[in-house]
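Each chain, letter by letter, is given below.
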Amino acid sequence: MTNNFTLSFDELVSIRNYLIATVMDFSDATEIAILGMFSDDEILMEAINIKSLLLQNKKEYTNIFSKEDYKLIKSCLYHGNLALGIYDKYKAQIDYESCIFSDTADRLLNYINANTDSGHSSSN
């Protein structure tokens, strides 16, 4: 990943909420692994990692995800929405404060797709 990517506190919370909804909506862990190439434990661990980064007094987060994190998030965005329409089902629980998650998801996917060829190191 070559360019900086910044998320607001609200967007980061919404990403966490979306990942949790993805796991909760699939009928079982096998379905998640087949559709998304990641286990339910991996997805929930990513949600926990995001939660551990959240600081109430920090408004923006830049380059916090690794290349592997982006792969997992992209997989959840594609498979969760295409297979199950998770965002439409759980919009009220996923959107947080000022964040409209569909906009954040589009921004994330555009960033990931534009930057998948190069390496990325995470930093706060």
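Thresholds, definitions, all that
Residues numbered from 1 in each chain as written. Predicted model: local features only at pLDDT ≥ 70, side-chain atom pairs only at ≥ 80, totals over all residues. Heavy atoms only, no water. Core = buried A, V, L, I, M, F, W, Y, C linked by side-chain atoms within 4.5 Å. Buried < 20%, exposed > 50% of the residue type's maximum accessible area, 1.4 Å probe, protein only. Helix = DSSP H or I, 4+ residues; strand = E, 2+ residues; numbered from the N terminus. Contact = heavy atoms within 4.5 Å. Salt bridge = Lys/Arg side-chain N within 4 Å of Asp/Glu carboxyl O.

Caption draft 1: Region of interest: the nonpolar core. Counting residues in each nonpolar core, the largest one holds 32 residues, and the members touching the most others are Leu-12, Ile-15 and Phe-65. Residue contributions to this core peak at eight residues, all from helix H1 (residues 9-25). The residues contacting Leu-12, other than those within four sequence positions of it, are Leu-7, Ile-50, Leu-54, Tyr-61, Ile-64 and Phe-65.

Caption draft 2: Highlighting the environment of Cys-99. Looking at the element boundaries, Cys-99 is found in the loop between helix H5 (86-94) and helix H6 (101-114). You can call Cys-99 buried: its relative accessible area is 5%.

Caption draft 3: Structural detail: the pattern of salt bridges. Inspection of the entire model under this criterion finds three salt bridges. For Glu-11, the salt bridge identified is with Arg-107, shortest N-O distance 2.9 Å. Of this pair, Glu-11 sits in helix H1 while Arg-107 is found in helix H6, placing the two residues 96 residues apart along the sequence. In this structure, Lys-71 engages Glu-68 in a salt bridge whose closest nitrogen and oxygen atoms are separated by 3.2 Å. Highlighted residues: Lys-71 and Glu-68, both in helix H4 (residues 67-84), separated by three residues, approximately one helical turn.

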